[in-house]
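The residues making up each chain are set out below.
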Amino acid sequence: MVKAIVGANWGDEGKGKITDLLAEQSDVVVRFQGGANAGHTIINDYGRFALHILPSGIFYPHVTNVIGNGVALDIAKLAAELADITGQGVPAPNLIVSERAQLLMPYHVLQDGYEEERLGGRAFGSTKSGIAPFYSDKYAKTGIQVCDLFEEARLRDRLHRAVEVKNVLFEHLYHKPALDEDQLFGQLLSLRERIAPYVGDAVSFLHEAVRSGKTVLLEGQLGSMKDPDLGIFPMTTSSHTLAGYGCVGAPVPPTAIEDVICVTKAYSSSVGSHTEPFVSELTGPEGDELRRRGGDRGEFGATTGRPRRVGWFDAVATKYGCMVQGATQAALTCLDVLGYLDEIKVCVGYDVDGAVTDKFPTTPALMRARPVFETLPGWKCDVRGVTDYSALPANARRYVEFLEERIGVPIKIVSTGPRRHEIAMR
Ligand code: GDP
């Protein structure tokens, strides 16, 4: 059976922790989209890790980890991450890198940076890790697949075609130096050696795993709001962040996904630029305090270190986010963070041009939306590490149950701290 762990919001919901926890009872953990542009924070007996490209099952020797064809594969970063975890005492992981995955090339990173520079104040606040140019090239069919690395004449030809187009763009649109094709080719050959031991037929492996009744976890990156079709376009990422895309990017059969666990935080956070709509945002000293107390070390991006914008729980966005994921259950993280508040607001509606709605609108209307809040009493105590739901203060349970009712999905997992076992199952 296949379970997906995906984000209901803007990413950073705490998916890494939930995946790490559920990986314990799984056979396979798969990354099926995105690249090294976001990070999952995992804290376990080996230490604290920010994983960017490796699946979160790598800490368990019984788990096979798969980097699926839907991922933007930055081989240099993958090699560095592997060296980092083994350097910290984690046993060498079982890893399969799909031969159909495509390579995130150094010129994608350059292009991302050049484009942000060109846009200046109109920039989207990209992490400049090359994700948008990578996926553009995939759909323009100028991408390079992992399997191409092992066919040198073909690789040369693929690279030549890609560089030809990039150089026109780099020299004439961005006024930057042209790429050196020979140097890139050499780089690819040496990187090839570093991933060769892991390259395999992930497609057959996964279909066989499903057929033989293995438990497969699909590990999503970012969240519903960042999906290029159903998110807040164009402040989106460039790959699909929805569980449904796991059927392509992992891949697994659509009918095999039985459980979609949508992760959401007890408050909102978004790492995007200040031009993005964020209806329930908390600014000023109240926002600063929540940002400082959030997550395990404050709300700062795991990959970029950027301060995240924070706000009250947005039930409108989260209900929509769970709906488009096809959530069968929700996991609510960071409940412990809110213990300092006398009162807690929840955004239960959007006022768009004077009409209140609980339906998540398209981007132009979202830009005009104003939050409609309901206020709940806080619980004013530290619930960190509580593992028995019924032992939570009544107001904390009331908060969880209020959110559950608003988002229309059962909250079966409540996380009360960043560590693996700081969790209450309902
Ligand atoms: P992901 O990308 O969805 O995996 O999320 P991140 O790892 O980027 O961000 C989640 C942050 O919250 C990390 O710093 C986690 O260690 C932390 N975290 C996860 N669950 C909890 C929780 O229940 N309580 C607290 N205080 N922190 C948590």
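Up top you'll find the structure we're talking about.
**Q** I keep staring at the site of the ligand and nothing clicks. Help me out?
**A** In the neighbourhood of the ligand, 20 residues make up the surrounding shell, with Lys15, Gly16, His40, Asp296 and Ser415 lying closest. Between the ligand and cysteine 334, the relevant distance is 2.9 Å, taken from an oxygen atom to a main-chain nitrogen or oxygen of the residue. When the ligand is considered free in solution it has 580 Å² of accessible area, and contact with the protein chains removes 97% of it. Secondary structure elements with two or more residues in the shell around the ligand: helix H1 (15–23) and strand E3 (40–44). In terms of residue count, H1 provides more of the shell around the ligand than any other element does, 3 residues in total. The residue inventory of the shell around the ligand, partitioned by class, reads 3 nonpolar, 10 polar and 7 charged.

**Q** How should I be thinking about the pairing of strand E19 (residues 411–415) in this particular structure?
**A** Burial within E19 is extensive, with 4 of its 5 residues counted as buried. As defined by bridge partners, strand E15 (residues 329–333) adjoins E19 across 3 bridges and the pair is classed as parallel. By the bridge assignment for E19, alanine 331 is matched with isoleucine 413. Looking at chain direction, E19 and strand E20 (residues 423–425) are connected through 3 bridges and run antiparallel.

**Q** Would you mind going over empty space enclosed by the protein with me for this structure?
**A** One simple way to see leftover space: roll a probe sized like a water molecule over the atoms. With the rule as written, the count across this model stands at 2 cavities of 30 Å³ or more. Its boundaries defined by the atoms lining it, the largest cavity holds a volume of some 50 Å³. Asn9, Trp10, Gly11, Asp12, Glu13, Lys265, Tyr267, Ser268 and Ser269 are the residues that line the largest cavity. Tallied by class, the residues present in the lining of the largest cavity amount to 2 nonpolar, 4 polar and 3 charged. What lines the second largest cavity is simply Trp10, Ile232, Pro277, Phe278, Val279, Asp314, Tyr350, Phe360 and Leu366. Residues of the lining of the second largest cavity, tallied by class, amount to 8 nonpolar, no polar and 1 charged.

About the thresholds
- Along each chain, residue indices are assigned from 1 in the same order as the chain's sequence is written.
- Per-residue local features are limited, in this predicted model, to residues with pLDDT of at least 70; the limit for side-chain atom pairs, both in listing and counting, is 80 or more; totals at the level of whole chains, interfaces and linings are taken over all residues.
- In computing side-chain values, all of the structure's heavy atoms are included and hydrogens and water are not.
- The rule for a residue being near a molecule or strand is that one of its heavy atoms must lie within 4 Å of it.
- Polar contacts here mean pairs of N or O atoms no more than 3.5 Å apart (in protein, one a potential hydrogen donor and the other a potential acceptor; neighbouring residues in sequence count only if both atoms are side-chain atoms).
- The protein chains shown are the only cover counted for residues, whose accessible areas, like all others here, come from Shrake-Rupley with a 1.4 Å probe.
- Elements are defined by DSSP. Helices are runs of H or I of four residues or more, strands are runs of E of two residues or more, and each kind is numbered from the N terminus.
- Residue classes follow a fixed rule: Ala, Val, Leu, Ile, Met, Phe, Trp, Tyr, Cys and Pro count as nonpolar, while Asp, Glu, Lys and Arg count as charged, and any other residue, Gly among them, counts as polar.
- Think of it in three bands: with a 1.4 Å probe and only protein chains considered, a residue is buried below 20% of the maximum accessible area for its type, exposed above 50%, and partly exposed in between.
- By the convention used here, strands pair only if DSSP detects at least 2 bridges between them.
- In the cavity and pocket records, a cavity denotes points on a 1 Å grid over the protein atoms alone where a 1.4 Å probe fits but cannot get out, a pocket denotes an open set with protein on both sides within 12 Å along at least 5 of 7 lines, and lining residues are residues with an atom within 4 Å of a point.
- Grid points are joined across faces, edges and corners, and a volume is the space filled by probe spheres set on the points.

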